[in-house]
Amino acid sequence: MEALIIGMVFLTVIGAYVVTSVLLLRYPTILHRKKKVAFKCRHICHRGGAGEGLENTLTAYRHAVNLGTHMIELDCQMTKDGKVVVAHDNNLLRLTGSEILISETNYEDLPLIKSSLPLQFDHRKVTSVVEEGNIESRRIPLFRDVLKTFPDLPLNVDVKEDNDDLVNKIAALLHEFDREHITAWGNFSKTVTNKCHARNPSIPLFVSLSRVIVLVVCFYTGLLPFIPIKESFYEVPMISLALQDRLKMSLSRTARTLIRVADWLLMSKFMFSHLEKRGIQTYLWVLNEEEEFDRAFRLGATGVMTDFPTKLSSYLEKHPEYAGRESTSDHLLQS
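Structure report, in brief. Quantities reported herein were computed from a predicted structural model and do not represent experimental measurements.

Here we look at the nonpolar core
Side chains that are nonpolar tend, in soluble globular proteins, to be buried together. Residues Leu215, Leu224, Tyr234, Met267, Met271, Leu284 and Leu287 are the most contacted members of the largest nonpolar core, which totals 33 residues. Residue assignment for this core shows that the elements contributing at least two residues are helix 7 (209-221), strand 8 (233-237), helix 9 (269-277), helix 10 (290-299) and helix 11 (309-318). Among residues more than four places away in sequence, those in contact with leucine 287 are Met238, Leu241, Glu292, Phe293, Ala296, Val304, Met305, Thr306 and Asp307. Counting 27 residues, the second-largest nonpolar core is a separate cluster that includes Leu147, Leu153, Ile170 and Ile203.

Notes on the environment of arginine 144
Residue position: arginine 144 is located in helix 4 (residues 143-149). Residues arginine 144 and isoleucine 227 lie 83 residues apart in sequence; the distance between their C-alpha atoms is 37 Å. Of the polar contacts made by the side chain of arginine 144, one reaches the side chain of glutamate 176; its length is 2.8 Å.

Re the pairing of strand 4 (residues 116-119)
Every other side chain in a regular strand lies on the same face of the sheet, so the side chains alternate between the two faces. Bridge analysis of strand 4 against strand 5 (residues 122-128) gives four bridges, and the strand direction is antiparallel. Pairing of serine 116 across the sheet is with serine 128, part of strand 5. Here strand 4 folds back onto strand 5 in antiparallel fashion, the turn holding two residues.

Regarding helix 7
End to end, helix 7 covers 19 Å across 13 residues, agreeing with the expected 18 Å (1.5 Å per residue, within 8%). The complete set of buried residues in helix 7 reads Arg211, Val212, Leu215, Val216, Cys218 and Phe219. Looking straight down helix 7, one finds its buried side chains confined to an arc of 165°; they lie on one side.

Thoughts on the side chain of arginine 42
Along the chain, arginine 42 turns up in the loop between helix 1 (2-26) and strand 1 (43-46). The class for arginine 42 is buried, based on a relative accessible area of 15%. One polar contact links the side chain of arginine 42 to the main-chain carbonyl oxygen of tyrosine 322, over a distance of 3.2 Å.

Each value, and the rule that gives it
Residues numbered from 1 in each chain as written. Predicted model: local features only at pLDDT ≥ 70, side-chain atom pairs only at ≥ 80, totals over all residues. Heavy atoms only, no water. Core = buried A, V, L, I, M, F, W, Y, C linked by side-chain atoms within 4.5 Å. Buried < 20%, exposed > 50% of the residue type's maximum accessible area, 1.4 Å probe, protein only. Helix = DSSP H or I, 4+ residues; strand = E, 2+ residues; numbered from the N terminus. Contact = heavy atoms within 4.5 Å. Polar contact = N/O pair within 3.5 Å; in protein donor to acceptor, adjacent residues only side chain to side chain. Pairing = 2+ DSSP bridges. Expected span 1.5 Å × (residues − 1). Arc of directions from axis to C-beta.

Rendered as structure tokens:
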């Protein structure tokens, strides 16, 4: 009899937990205040649109802006003389052909980017300089110059190194240019992301890799609607892209199976919907084909990061139900 009572109590508790979890998944604002972010972007250029201009250059950014991109995703490093520059790799071998470190080189001594670069997310394609005499198209830019050139455009800033000075200088520049409200920042590293948040919690944050894992586990165990989330952006790869030939990944049958399972877990329309109701935007990367754009938006992703801004612009023109940038900022609406 005692065992029966314990069993009934246990089932009652579990039932109440499940019902409450499902209710809060659907209506999270019962428990959480919805985040208010000043921008909501559909069209995001990965490294400025690395398939149509040399990555992370002012020329690539201008091209993307001319196509109407809503946001530029970029990467920040710091030179030996303390300048914040925009480049994905600290070691410049891939970008310039010179095996030197940005962190050990003064800004004026940084070499130019090679005139042709294989695309990291599609090794079948090479991006080349259109105008050979245009030095700007091959120069590693200062972050300050990016902020000057595009004062109203939302940026997605990946702080590439665990360096307190780098975090502090990026924060100081964002404050100087009054851009805290139209910038997202962070890193795959939980340590770096936490430093960003500690330095200026008013700048919207994107999730680190470990936080992605935590949030996914919490979602599938029903805990997600109960926990607070400090990040405003859930940025994850469409991991099934690893199965495509364009990434040149040699995978065993077991690895391919695990990737499919991970993709199924990550690409949850229900989870994206819950996050959206909490004011947390989902950005998927790096998508370069129309069928990938279509899958992302059908799943409810807020935005897509792409190397090919022209392709994404064409897709959004054909699908006006997904196009446009919403904003809660009058300043952005007028820009």
